[in-house]
Amino acid sequence: MKKKEFFKRAASITLSTGLILSSANFMYTPEASAKSFKAEDVLASLTPQQREALNQLELTDKTGLQGFTNEELSSDKEIEVIVQFQSKPGKIAVLDAEVKGKKLSQKTADEQVTKEHEQFKKDLQTFLSGSNLKGKKANNQITADYNTVYNGVSMKLPANQVESLLKSEVVKAVYKNETFKVDPITIQGENGTYSSPGTAVESIPYLKVDKLHQEGITGKGIKVGVIDTGIDYNHPDLKKVYKGGYDLVDMDNDPMETTYSDWQAAEFYPEVINNSTYYTSHGTHVAGTIAGQSSNSEISVKGVAPDVDLYAYRVLGPYGSGTSEAVMAGIEKAVEDDMDIINLSLGADINDPYYPTSTAINYAVLSGVTAVVAAGNAGPDKYTVGSPGTAALALTVGATDVPMSLSTFKGSIGSENSIDLISLARNYSDKLEDFDGQSFEVVNVGIGSKSDYSGKDVQGKIALIARGELALADKVNTAKQNGAVAVLLYNNEDGQINANLGEATTFVPTFSLTKAAGAQVLAQLQAGKTSFSFADYGVSQTEGDHLADFSSRGPVRQTYGIKPEVTAPGVSVLSTVPSYIVNPADQGNYQFAYARYSGTSMATPFTAGVAALMLQANSKLKPEDIKTALMNTADPLNGDYSVYEVGAGRINPYHAVNNGVSFQIIDKTLIPGADDLVEVQALTGVLSFNHELVDSNLNIKKSIKVKNNEKTKKTFSVTISEGKDSNSLKQNGMQLMVSNKITLKANEETSVSAKLLSHKKAKEGYYSGYITLTNTNDSSEQYRIPYTFRLLKEGFNNIDIANPAYSPGFLNDSNFDPFRNRFVFSTFNLSAPMEKMDVVLQDANSGNDLGLIGTVDLNGAVDNYDYGFILFNGTYNKFTGDGEQPISSEVSQVQEGHYKIKFIGTGLSGKVIMETRDLWVYLDKPSFTSSLDGISPFVEYKPGQETYPLEIQITDPIVDEMNKYGVSVDQTSNYMVLLLGRMGIPVLTYLHG
């Protein structure tokens, strides 16, 4: 497929009002002549200079400004930006030269980076000096320099000066400084899974991490950097392992979390914004999963790699929020500090593989650092993975659950027996089995609000509470505050409450009931039966290994890459938190400073910990080796998931550390270079045949490097299976060819070819699944390779005109009507990336192409994404028939009549795709009748009457005309606006229908 520069983009689509091919003044001309011109011929005849002169309906900004709107760039408000320079960082430039067979010394590469930084600062004095800003105030400040994992700066300046930065020859692109965040903490509530009645990390024994610890694999000597909200390094479970770090928010050597005391000192800031508290705990929870010391005899939080050297890089401040600038600075500092592994449980809602944070992660990996990144919590839809998890070289992680124990009872009250009870919440010190055989009085407290307890005594009794309106945790907290010994919480819909609140000092034992069971208990209470008994205590387990609904999915836009590559435990994860999270009044007490959180943020540190174990076991492993081994040894989940949802599957730590064989695909990926996207080698565990256009017979070959890490001969059988949402290879005349048997001698390293044969009539879409390799002498030794391929068909998934009946203002002699659409609006969705789209006005009756409305530059537009823009304002530029100037420079106005809008798309292959849609320029007013017609204009109200019924009928003949041409519209689309007074102030809108 033709390589295109995909990474330049802007955030909005804007419309130009005409076409400029010369410097002639605009003149309005009469309606277009009936002379016939074929638009595609006229457009094809344009010289590059003429094409360049077209006034664009801009989708992307070719000036190198990334993510800005025109409105933003016209403001003098201060804005933060990331400026990318032309050259790669020194170490990356050397590696790139080696790949290309060239010689480049580290000194020369570093000097080039330094030179560009110095030149940019000189250029700022030239281009942004007061004398060159035409009355604008010169006010700019460089806030950070990057030269290790990125070459550029972050800076502040007035938005209307941003474009001037491009005058510097060292500047490649300017990006808007986006906000990064940790997702609001999920303390399992409405949509979780059940929890253990114990107080230990369930995933450690389930995935045999404890067995690795027993074998002396604890991550000792491995440096892990947590790039997050900071760490409460005073926590007893972290104090020993914490070695240092840096605060990139406050710019000091103290990467402590934003504390409760910080919030108290920050006057006038709300405690909570968008479910996130001013004070933070996220980084501490992440750190506990990696390196918890299990120092608490009551609550055991042992990290995956408890003997690592733990470092903290605080890049997110109050409310768990920060900027691209700080995140990139944190990555750079961690690389400079020689971290072996960095953990980024953060992200932005930007599915862009070339966004600066993604580029910084790629460069960090090329520098030898394993970067483990959260996929995000925006699932379950496709394309929801965010940057920097979109980085090709990152190890991106999704979230799954593990089997978890839950306490069960049979309850009885009055004549009702065998009521199923399932544990929902408890205090750390509660022993639920002690309820077996006990009875308590039950009091109905409605939905459990504070007012529901008025006049009711629940001291030492059970509170019966209905689900709804209030958070489950708040219901339990209030019950405890009123002295309840336990809570029965019944559902407001069928089934048990699918939730787990876990443990907290503010909880009492709480049990879930079905809606039907709740009704039974209520009926017995109304009959005067109030004693409730517990019997038949038991412990059962959930199935586990299911993908969390919130876990973000791929593919990555533009590259169609698999993300996440693997999944790991990230649901109801018990870990460390600062003491002020549990009790702000007793901040030195860490006895119960633990909490259960859910998110890919929790799955990521588990994976980072496993990577540390792997590095301790084999210090020669490179980042790509760690990724490959984790993918090769991943286990399938319980359920049907696509490779774009779960990657290779759920990681298997013990198998990854002791992987007997490696199956590594020798591939390439694209990252931003000096002028365009450049290829770098990518060794990975996914077999990607990339993406190609339909209508071609394809023969795509890939190489798999196979290495036997053990001293015994092995033979593997090979099976291929298709995954969820995959087109069928066989039904589309396609073949994935891999040897059905692979034999390896002891410690042998060899390569195996994989070939994809695609038929030119194959259906467009995704082809994906798994290659499974099983040891013929030991079926327990099994490896997986996910494979992917996408066929693209150039064209539009849909393209529409939102308001096909249009009345331009210049054809109306009536007063200004604020309810009249001033423009014609359009939406479109591409089935494959395109180069451009020309928009032409056509006479619907004769079929003649009249002229050009404008051109959309689609460089950077992605497929399967809804775009909307202003299409037409009633003017166009006529086709002239003149070979030297085929399109007039004069702007013509459309007249009343029936037209067609012709959309002419040009694919990356050069293929032209055309779609037409009807448009009516229509001036006639609709007819209007009402129930008052034909009677006296005076209405007499009867005594006590406050309103008078009024029926209206609005009929517009154009509706029937539009229906003839397949436009879906009816008379209910009409509406009437009631205007008040001489000024015509709209007060009511009546819809007809």
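Residues numbered from 1 in each chain as written. Predicted model: local features only at pLDDT ≥ 70, side-chain atom pairs only at ≥ 80, totals over all residues. Heavy atoms only, no water.

Asks: Got a sec to walk through the sheet that holds strand β31 (residues 714-722)? Specific residues and values, please.
Replies: Taken in spatial order, the five strands of this open sheet run β29-β36-β35-β31-β33, and their pairing is mixed. On the outer flanks of this sheet lie β29 (687-693) and β33 (741-744), each paired with one strand and no other. Neighbour-to-neighbour, the strand axes of this sheet turn through a mean angle of 20°, independent of strand direction. As paired strands, β29 and strand β36 (residues 778-792) are joined by five bridges and run parallel to one another. By the bridge assignment, S688 is partnered in β36 with T788. (Pairing = 2+ DSSP bridges. Helix = DSSP H or I, 4+ residues; strand = E, 2+ residues; numbered from the N terminus. Axes fitted to C-alpha atoms, helices over the stretch in contact; angles between N-to-C directions.)

Asks: How would you explain the packing of helix α15 (residues 600-617) against helix α16 (residues 623-632) if you had to name every residue and give the values?
Replies: Pairs of packed helices are described in terms of their axes, by the angle between the two and the distance that separates them. The geometry of α15 relative to α16 is characterised by a closest axis approach of 11 Å and an angle of 110° between their N-to-C directions. Here α15 lies roughly perpendicular to α16, going by the angle between them. In the crossing of α15 with α16, the sense of the turn from one axis to the other is right-handed. On the side of α15, the interface is formed by T607, V610, A611, M614 and L615, while α16 contributes I626, A629 and L630. (Parallel < 35°, antiparallel > 145°, perpendicular 65-115°, else oblique. Left-handed = near helix turned anticlockwise from the far one by under 90°. Contact = heavy atoms within 4.5 Å.)

Asks: Please set out the confidence of the model for the protein chain residue by residue, giving values where relevant.
Replies: Averaged over every residue, the pLDDT of the protein chain is 85; the share at 70 or more is 87%. Confidence drops under pLDDT 50 across residues 184-197; counting only partners more than four residues distant or on other chains, this segment forms 63 contacts. (pLDDT = per-residue confidence, 0-100.)

Asks: Lay out the packing of aromatic side chains in plain terms, naming residues and giving numbers.
Replies: For any two aromatic rings, the description comes down to two numbers: the centre-to-centre distance and the angle of the planes. Evaluation of the coordinates by the stated rule reveals 30 aromatic pairs. Between Y175 and Y355, the aromatic rings sit 5.9 Å apart at their centres with planes inclined by 85°, giving edge-to-face as the arrangement. On the criterion of sequence distance, the pair formed by Y175 in strand β5 (residues 171-176) and Y355 in the loop between β13 (341-344) and α11 (356-366) is long-range, its members being 180 residues apart. A centroid spacing of 6.3 Å and a plane angle of 40° characterise the contact between Y767 and F789, whose relative ring orientation is tilted. Pair noted here: Y767 is in strand β35 (residues 765-775) and F789 is in strand β36, with a separation of 22 residues, a long-range link. (Phe/Tyr/Trp six-rings, centres within 6.5 Å; stacked < 30°, edge-to-face > 60°.)

Asks: How would you explain the side chain of N632 if you had to name every residue and give the values?
Replies: If you trace the backbone, N632 turns up in helix α16. Setting aside residues up to four positions removed in sequence, N632 forms contacts with V661, S662, F663, Q782, Y783, R784 and I785.

Asks: So what's going on with the environment of D725? Residues and values would help.
Replies: Here D725 lies in the loop between β31 and β32 (735-738). As for D725 and Y644, which are separated by 81 residues in sequence, their C-alpha atoms are 9.6 Å apart. Dropping the residues within four chain positions of it, D725 is found in contact with K382, S642 and Y766.

Asks: Now, about a nonpolar patch on the surface: what can you tell me, with residues and values included?
Replies: Taken together, the side chains of L932, V939, Y941, Y948 and L950 present a nonpolar region at the surface, about 410 Å² in accessible area. Mapped onto the fold, L932 is located in the loop between β47 (927-930) and β48 (952-955). By relative accessible area, which is 31% here, L932 ends up partly exposed. (Patch = residues over 30% accessible without salt bridge, like charges linked within 9 Å, V, L, I, M, F, W, Y side chains within 5 Å. Areas by Shrake-Rupley, 256 points an atom, 1.4 Å probe, with all protein chains shown as cover. Salt bridge = Lys/Arg side-chain N within 4 Å of Asp/Glu carboxyl O. Buried < 20%, exposed > 50% of the residue type's maximum accessible area, 1.4 Å probe, protein only.)

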